[in-house]
Amino acid sequence: MDITLVEVAPRDGLQNEKRPIATADKIELIHRAVDAGARRIEAVSFVDPRRVPQMADAEAVLAGVRRDAEISYAGLVFNDRGLDRAVAAGVDEINVVVVATDTFSRRNQGCGTEEGVGRWERLAARGAEAGLWRTVTIAAAFGCPFEGEVPEARVRDLVARVAAAGPDEIALADTIGVGTPDRVRRLVSTVTELAPNALPRCHFHNTRNTGYANALAALDAGARALDTSIGGIGGCPFAPAATGNIATEDLLYTLDRMGITTGVDITATIETAHWLGGLLATPVPALLGRAGLFPNTAVTQPVP
Ligand code: ZN
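A brief look at the structure comes next.

The rules behind the values
Residues numbered from 1 in each chain as written. Predicted model: local features only at pLDDT ≥ 70, side-chain atom pairs only at ≥ 80, totals over all residues. Heavy atoms only, no water. Helix = DSSP H or I, 4+ residues; strand = E, 2+ residues; numbered from the N terminus. Expected span 1.5 Å × (residues − 1). Buried < 20%, exposed > 50% of the residue type's maximum accessible area, 1.4 Å probe, protein only. Arc of directions from axis to C-beta. Right-handed = clockwise from strand over helix to strand, strands pointing away. Pairing = 2+ DSSP bridges. Donors = N, O, S within 2.8 Å, 3.2 Å for Na, K, Ca; no water. Axes fitted to C-alpha atoms, helices over the stretch in contact; angles between N-to-C directions. Parallel < 35°, antiparallel > 145°, perpendicular 65-115°, else oblique. Left-handed = near helix turned anticlockwise from the far one by under 90°. Contact = heavy atoms within 4.5 Å. Nonpolar A, V, L, I, M, F, W, Y, C, P; charged D, E, K, R; others polar. Core = buried A, V, L, I, M, F, W, Y, C linked by side-chain atoms within 4.5 Å. Polar contact = N/O pair within 3.5 Å; in protein donor to acceptor, adjacent residues only side chain to side chain.

**Some details on helix α6 (residues 113-129)**
Stage number 1. Between the first and last C-alpha of α6 there are 24 Å, a value that for 17 residues agrees with the 24 Å anticipated at 1.5 Å per step.
Stage number 2. Taken together, the buried positions of α6 are T113, G116, V117, R119, W120, L123, A124 and G127. Taken around the axis of α6, the buried residues stretch over an arc of 160 degrees, which confines them to a single face. Opposite the packed face of α6, turned more than 90 degrees from it, sit the exposed residues E114 and E129.
Stage number 3. The first or second residue beyond α6 is G131, which carries a positive phi of 75 degrees.

See the structure below:
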């Protein structure tokens, strides 16, 4: 089986960093991911820089990365202004987030879920005109930091509504890492049932150590793209106590040994995770860089 890993460290990983990261370092991170074999990179967010200053250099990042027909760069887009910026910067993909609960939606997007669906519909149409791959992500699909449990019926209803705008891909996001594999299976099946023409994708945070189990459950249920972050860095500036995405190299370890093909090289990814730990001046959450590969147990270099 072939699946796609979408590398989200440059966007979801770095947007939560307190210390400023130089544009050149963001570009190096992206190039390292590309050199390791990643072909879809969530590189930037076209969010208002007053809300997420870490992403203020989105245009400069995209202007500095190597372009190749095989590499697809994505940017998060929240409104028409963001879409204008994304098109001008030459993104290949847009990712539009619709939040499953009103409270989190207002904090994250400045509008409720209903208005969020309306924004997605407008951006989906404009993105199609611009010839872009369009992903819609349902955030807080497995639970909300403010409202708690999110009824599955509500997510199902949202999937049906966002599917009506003809997305290329529907992603289910466990923004705060509360999901469990049974619910993952049911909701991924909901996507494949209600939106057969959209690629099913999932986005997991490993906040409660369920991220990898959820990723494998998602694949079993039909997901064909998974978001991962080198080193397992990441978070969400609008969700309390959010922690990192599932780590690219830790998931790769399992996928490689199960014979699931991604095209991403695990050794190069471990080396980048070490580099990233140096850049952020803290060890990354991923475990593989510490444990080493098996059966080749030589760790590429000591953990900083
Ligand atoms: Zn995330």
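**As for the pairing of strand β7 (residues 199-204)**
Stage number 1. The buried fraction of β7 amounts to five of the six residues, a majority that puts the element mostly inside the structure.
Stage number 2. Viewed along the sheet, the connection from strand β6 (residues 169-174) through helix α8 (residues 181-194) into β7 turns out right-handed.
Stage number 3. Direction of pairing for β7 relative to strand β8 (residues 225-228): parallel, over a ladder of three bridges. Bridge pairing links R201 to A225 in β8.
Stage number 4. Where the polypeptide runs from β7 across helix α9 (residues 211-221) and back to β8, its parallel neighbour, the crossover connection is right-handed.

**Focus on the coordination of the zinc ion**
Stage number 1. Donor atoms from the polypeptide that coordinate the zinc ion comprise D12 (OD), H203 (NE2) and H205 (NE2), at 2.0 to 2.1 Å from the metal.
Stage number 2. In primary-sequence terms, the residues that donate to the zinc ion follow D-x190-H-x1-H. Taken together, the positions of D12 in helix α1 (residues 9-13) and H205 in the loop between β7 and α9 put the pair 193 residues apart, joining distant regions of the chain.

**Quick word on the packing of α6 against helix α7 (residues 152-163)**
Stage number 1. The contact between α6 and α7 brings their axes to 10 Å, and the two run at 25 degrees. Put simply, α6 runs roughly parallel to α7. Every pair of crossing elements has a handedness; the one defined by α6 and α7 is right-handed. Counted together, T113, E114, V117, W120 and E121 of α6 and R154, L158, R161 and V162 of α7 form the full contact between these two elements.
Stage number 2. Partitioning the contact of α6 with α7 into residue classes produces four nonpolar, one polar and four charged.

**Regarding the nonpolar core**
Stage number 1. L172 and L226 are the most contacted members of the largest nonpolar core, which has 93 residues in total.
Stage number 2. Here the element with the most residues in this core is helix α11 (residues 266-280); it accounts for six residues.
Stage number 3. Excluding anything up to four places from it in sequence, L226 contacts I3, T4, L5, V6, C202, F204, A215, A218, L219 and L251.

**Re the environment of R134**
Stage number 1. One can find R134 in strand β5 (residues 133-139).
Stage number 2. Expressed as a C-alpha distance, the spacing of R134 and D92, which sit 42 residues apart in the sequence, is 9.1 Å.
Stage number 3. Ignoring any residue separated from it by four or fewer positions in sequence, one finds R134 in contact with I94, W120, A124, G127, A128, A165, G166, P167, D168 and E169.
Stage number 4. From its side chain, R134 meets the backbone oxygen of G166 in a polar contact 2.7 Å long.

**So, the side chain of T135**
Stage number 1. Within the secondary structure layout, T135 lies in strand β5.
Stage number 2. Of note is the side chain of T135, whose polar atom sits 3.3 Å from the side chain of W133.
Stage number 3. A polar atom in the side chain of T135 sits 2.7 Å from the side chain of E169.
Stage number 4. In this structure T135 touches R40, E93, I94, N95, V96, W120, E169, A171 and R201, once residues within four positions along its chain are discounted.

**Focus: the side chain of T248**
Stage number 1. Turning to its location among the elements, T248 is positioned in helix α10 (residues 248-258).
Stage number 2. A polar contact of 2.7 Å, which involves the side chain of T248, links it to the side chain of E7.
Stage number 3. Those residues in contact with T248 that lie beyond four places of it in its chain are L5, E7, T228, S229, I230, V264 and T269.

**Examining unusual backbone geometry**
Note: most peptide bonds trans; most residues except glycine with negative phi.
Stage number 1. Here the bond from F294 into P295 is cis, since omega is 5 degrees, no more than 30 degrees from zero.
Stage number 2. Secondary-structure assignment places P295 in the segment after α12 (288-291).
Stage number 3. Within the chain, N209 stands out as a residue other than glycine whose phi angle is a positive 60 degrees.
Stage number 4. Tracing the backbone shows N209 in the loop between β7 and α9.

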